[in-house]
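Commentary on secondary and tertiary structure
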Amino acid sequence: MMKSSLYIGLVHYPIYDKNFNVIATAITNYDLHDISRSATTYGVKKYFIIHHIEGQLDMVHKIIDFWRSPAGRKYNSYRTEAFDIVDIRPSIEAAVDAVTEQEGQRPYIVTTDARTYANTISYKDLRHKRETETVPILLLLGTGYGMTKETMEQFDFILEPIYGAGEYNHLSVRSAAAIILDRLAGEAWWNQ
């Protein structure tokens, strides 16, 4: 049984591009649909889309509005249910504030990276924190080529990298989100 609440945020700014310029990445339809479905499956309280550009947010509102409409609800109510946890915030700080207001305490801010840091935490240890502590967790996922170094330095923990079977290691954020959520909130199959 998990004592701490889990929130997830998909960060679109400040993000590096492949040349390490700081940019705002585009929101993709797949990230909206697939991560909201995974997050709902694993009991995430809110899935934050963290973006501040109006044109991008207009697209998100149109997609969500369709699935929340009678036509969308009738076509696929499971999709509607998944979008019920989506929340749009203009910045990481605004998402942290929303969790703090909801939970009555500031969350641990956790992110992922392909490298290890001094504050790297294992999945086992973060899951143990969820089982034994009441501090909520806000898990932030980067887009593009990752969040800026200055942003990463502000977080409480950085999850250890996900390793596959070989040298290639470039998961989509949707796939990484599903794996991470299963490790932090899925059934403890190893105890069966």
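Residues numbered from 1 in each chain as written. Predicted model: local features only at pLDDT ≥ 70, side-chain atom pairs only at ≥ 80, totals over all residues. Heavy atoms only, no water.

**Topic: the overall build of the chain**
What counts here: Only DSSP runs of H or I covering at least 4 residues are called helices, and only runs of E covering at least 2 are called strands; the numbering of each starts at the N terminus. To get the radius of gyration, use the C-alpha atoms; to get the globule rule, take the number of residues to the power 0.38 and multiply by 2.2 Å. Think of it in three bands: residues with accessible area under 20% of the maximum for their type are buried, residues over 50% are exposed, and the middle band is partly exposed, with areas taken using a 1.4 Å probe on protein chains only. In what follows, residue pairs with any heavy atoms lying within 4.5 Å of each other are defined as contacts. Areas reported as accessible are Shrake-Rupley estimates using a 1.4 Å probe. Residue values count occlusion only from the protein chains shown. Positive charges are assigned to Lys and Arg, negative charges to Asp and Glu, while His and the chain termini are left out of the count. Lysine's charge is taken at NZ, arginine's at CZ, aspartate's at CG and glutamate's at CD.
From N to C terminus, the chain includes eight helices and nine strands. Relative to the 2.2 N^0.38 estimate, which gives 16 Å for 192 residues, the radius of gyration of the chain is 16 Å and therefore close to what a compact globule would have. Considered along the principal axes of its C-alpha atoms, the chain spans approximately 45 × 45 × 40 Å. Counting every position in the chain, which comprises 192 residues, the buried fraction comes to 46%. A fraction of 80% describes how many contacts in the chain between residues 6 or more apart in sequence connect residues 24 or more apart. Surface accessibility of the chain: about 10,600 Å² in total, with carbon and sulfur atoms responsible for 51%. Of the side chains in the chain, 20 bear a positive and 24 a negative charge, and the two mean positions are spaced by 5 Å.

**Here's the deal with the nonpolar core**
As a reminder of what qualifies: The definition of a nonpolar core used throughout is a set of buried Ala, Val, Leu, Ile, Met, Phe, Trp, Tyr and Cys residues joined through side-chain atoms within 4.5 Å.
Judged by nonpolar contacts, the single largest core of 36 residues is most densely connected at Ile 8, Tyr 47, Val 110, Leu 159 and Ile 180. For this core, the leading source of residues is helix 8 (residues 173-185), giving six residues. Residues within four places of Ile 180 in sequence aside, it is in contact with Thr 112, Tyr 123, Leu 139, Leu 141, Leu 159 and Ile 162. One finds Ile 50, Val 96, Val 99 and Leu 138 within the second-largest nonpolar core, a separate group that totals 17 residues.

**Details of unusual backbone geometry**
Cis geometry is found at the peptide bond from Tyr 13 to Pro 14, where omega equals 0°. Within the secondary structure layout, Pro 14 lies in the loop between strand 1 (6-11) and strand 2 (15-16). Backbone geometry places Phe 20, a non-glycine residue, at a positive phi of 65°. Its place among the elements puts Phe 20 in the loop between strand 2 and strand 3 (22-23).

**Things to note about helix 6 (residues 123-132)**
Residues spaced three or four apart along an α-helix face the same direction, because each turn holds 3.6 residues. This is how it is decided: The arc refers to the directions leading from the helix axis to the C-beta atoms.
Those residues of helix 6 that sit buried are Tyr 123, Leu 126, Arg 127, Lys 129 and Arg 130. Burial along helix 6 is one-sided: seen end-on, the buried residues are contained in an arc of 150°. Along its buried surface, helix 6 packs onto strand 1, strand 6 (108-112), strand 7 (120-121), strand 8 (137-142), strand 9 (157-159) and helix 8.

**With respect to the sheet that holds strand 4 (residues 47-50)**
For the record, the criterion: When DSSP finds two or more bridges between a pair of strands, those strands are recorded as paired. Angles shown run from 0 to 180 degrees and are taken between the N-to-C directions of axes, each axis being a line fitted to C-alpha atoms and, for helices, limited to the stretch in contact.
Read from one edge of the open sheet, seven strands run 5-4-1-8-6-9-7, paired in parallel fashion. Of all strands in the sheet, those with a lone pairing partner are strand 5 (86-89) and strand 7, marking the two edges. On top of the sheet, helix 1 (residues 29-41) reaches strand 1, strand 4 and strand 5; it is set at about 155° to strand 4, its chief contact. Sheet strands touched by helix 5 (residues 92-103): strand 1, strand 4, strand 5, strand 6 and strand 8. Its angle to strand 4, the strand with the most contacts, is close to 155°.

**A look at helix 2 (residues 54-68)**
How we decide: Expected helix span is computed as 1.5 Å times (number of residues minus one).
An ideal rise of 1.5 Å per residue puts 21 Å on 15 residues; helix 2 measures up with 20 Å between its terminal C-alpha atoms. Looking only at helix 2, the buried set comprises Leu 57, Val 60, Ile 63, Ile 64 and Trp 67. Along helix 2, the residues classed as buried sweep out an arc of 120° about the axis, all on the same side. Pointing more than 90 degrees away from the buried face of helix 2 are the exposed residues Glu 54, Gly 55, Lys 62 and Asp 65. Residues of helix 2 that are buried in the fold lie against helix 1, helix 3 (70-75), helix 4 (77-83) and strand 5.

**Regarding the pattern of salt bridges**
Pairing between side chains of opposite charge can happen when the charged atoms of each approach one another. Just so we agree on the cut-off: Here, a salt bridge means any Lys or Arg side-chain nitrogen found within 4 Å of an Asp or Glu carboxyl oxygen.
Taken as a whole, this structure holds ten salt bridges when the rule is applied. A salt bridge links Arg 68 to Asp 84; the shortest N-O distance between them is 4.0 Å. Within this pair, whereas Arg 68 is found in helix 2, its partner Asp 84 is found in the loop between helix 4 and strand 5, the two being separated by 16 residues in sequence. Taking the relative accessible area as the measure of exposure, Arg 68 reaches 34% and is therefore partly exposed.

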